[in-house]
Amino acid sequence: MIYADNAATTKLDIDALDAMLPWLQEKYGNASQPYSFARGPKKALGEARATIAMCIGANPEEIFFTSGGTESDNWAIKGMLQYADQRVIITSQIEHHAILHACEATERLGYPVIYLPVNSKGIVTPDTLTKSITRNTKLVSVMLVNNEIGSIQPITELANIAHDHSALFHTDAVQAIGHIPVNVKALGVDMLSASAHKFNGPKGIGFLYIRKGTPIQPFVDGGSQEFGMRAGTENVASIVGMATALKKNCDHLAETGQKLRTLEQTFIETLQKANVDFIRNGSDDRVPGNVSISIRDASGEMLLHRLDLKGISISTGSACDSVSTKISHVIQAIGVPKEYAEGTIRVSFGRDNQIEDAVQIASCIIDILQRR
């Protein structure tokens, strides 16, 4: 099998797994309890929080553990409502559905939302935000890296515009953390979402960075875990695994990024040599390894299933929208011509992929297209 859908999920890192096992077996205590058996888990939580904070330039008390990127995104959007006083939320048309659907839920409650368009490269330009933002804007949420086309947004500029209008700024960094350098202070964001399974950590765990002093309501009520902001017994094993995986990925960002760009280039050049007529989607400034292409007069769904029969796993776009065969909202938003749009696929390489994988995937695509 060749797995090339790492934007959907990644293989659990072996060091992360080894770090998790003690907290699932002999050290299984509840970190919230007062007795000595709970001290180990409590200490592990503190160390994991400090590790994650160090990786993104935050303070440990600004890291709040969640069940993943979807919960973190929902918390960032819905945690604002009590303070919003019907003020406006601004987001982009190409956000992950965790943001888009959360915003739709706030609209049903009477809170106005503006959905900013993007240019043909999938970028929210500062001018676009400037034209829509006012002093009545409460929150701006724009993703750092798009999950379908890999484009990296100018977050620092967008956050500065938001702050100039006394608005808060959140970024969904699920596709960025562990793949490109991320420093919350340099970005200037007030909140940032991340999910462990996107950077070789376990599924079902993530975090929300909340800058100290940011007004936000707790998302889950119950106990006093997570500084009283997110109730529920802590998933110590997964939190430790997340921190281990993130630090390992961050320690090897440069070499992994270089390898992934080589795989991208090999894949693209193999298609070009066979004169495949395609468009590469996204901006020049994109996350390493994410290759979104739209092939003229092809079917992305057909390619996905035919490649699957050959033991190759790719995607037609976002795995979170895999039940839908329609053209994705991202491809529509960037204006891919219809004769190309239906032939959109996403190949997302990971650190375990090799040059041979890139050649094999491209060769199989060429063979399938020639046999139509």
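Residues numbered from 1 in each chain as written. Predicted model: local features only at pLDDT ≥ 70, side-chain atom pairs only at ≥ 80, totals over all residues. Heavy atoms only, no water.

1. Here's the deal with the sheet that holds strand E10 (residues 290-295)
An order of E9-E10-E12 is seen for the 3 strands of this open sheet, with the pairing classed as antiparallel. Two strands lie at the open edges of the sheet, namely strand E9 (278-280) and strand E12 (344-348), each paired on one side alone. Averaged over neighbouring strand pairs, the angle between their axes works out to 25 degrees when direction is ignored. Taken together, the 3 bridges between E9 and E10 define a ladder with antiparallel strand orientation. Across the sheet, Ile-279 pairs through a bridge with Ser-294, a residue of E10. Relative to the sheet, helix H11 (residues 253-273) contacts E9, E10 and E12, its axis offset from that of E10 by approximately 15 degrees. (Pairing = 2+ DSSP bridges. Helix = DSSP H or I, 4+ residues; strand = E, 2+ residues; numbered from the N terminus. Axes fitted to C-alpha atoms, helices over the stretch in contact; angles between N-to-C directions. Contact = heavy atoms within 4.5 Å.)

2. Some points on the nonpolar core
One finds Ile-63, Leu-144, Phe-169, Ile-177, Leu-192 and Phe-207 to be the most contacted residues of the largest nonpolar core, which totals 66 residues. The element best represented in this core is helix H10 (residues 236-251), accounting for 8 residues. With residues up to four places along the chain from it excluded, the contact list for Ile-177 reads Ile-56, Val-182, Leu-192, Ala-194, Phe-199 and Leu-246. Ile-293, Ala-298, Leu-307 and Phe-349 belong to the second-largest nonpolar core, a separate cluster that totals 28 residues. (Core = buried A, V, L, I, M, F, W, Y, C linked by side-chain atoms within 4.5 Å. Buried < 20%, exposed > 50% of the residue type's maximum accessible area, 1.4 Å probe, protein only.)

3. Structural notes on the sheet that holds strand E7 (residues 191-195)
In spatial order, the strands read E2-E8-E7-E6-E5-E3-E4; together these 7 strands make up an open sheet with mixed pairing. The two strands at the open ends of the sheet, each matched to only one other strand, are strand E2 (63-66) and strand E4 (113-116). Between one strand axis and the next, the sheet turns by 20 degrees as a mean value, whatever way the strands run. By the bridge criterion, 4 bridges tie strand E3 (residues 88-92) to strand E5 (residues 137-141) in an arrangement that is parallel.

4. Quick notes on the packing of aromatic side chains
Scanning the entire structure with this criterion turns up 4 aromatic pairs. Pairing Phe-64 with Trp-75 gives two aromatic rings, centres 5.9 Å apart and planes at 80 degrees, and the pair type is edge-to-face. Here Phe-64, found in strand E2, pairs with Trp-75, found in helix H3 (residues 69-78); they are 11 residues apart in sequence, far enough to count as distant. The two residues Phe-64 and Trp-75 agree in class, both being buried. Their ring planes at 70 degrees and their centres at 6.0 Å tell us that Phe-267 and Phe-349 sit as a pair that is edge-to-face. Of this pair, Phe-267 sits in helix H11 while Phe-349 sits in the loop between E12 and helix H15 (355-370), placing them 82 residues apart in sequence. (Phe/Tyr/Trp six-rings, centres within 6.5 Å; stacked < 30°, edge-to-face > 60°.)

Just distances and angles here, no functional claims.
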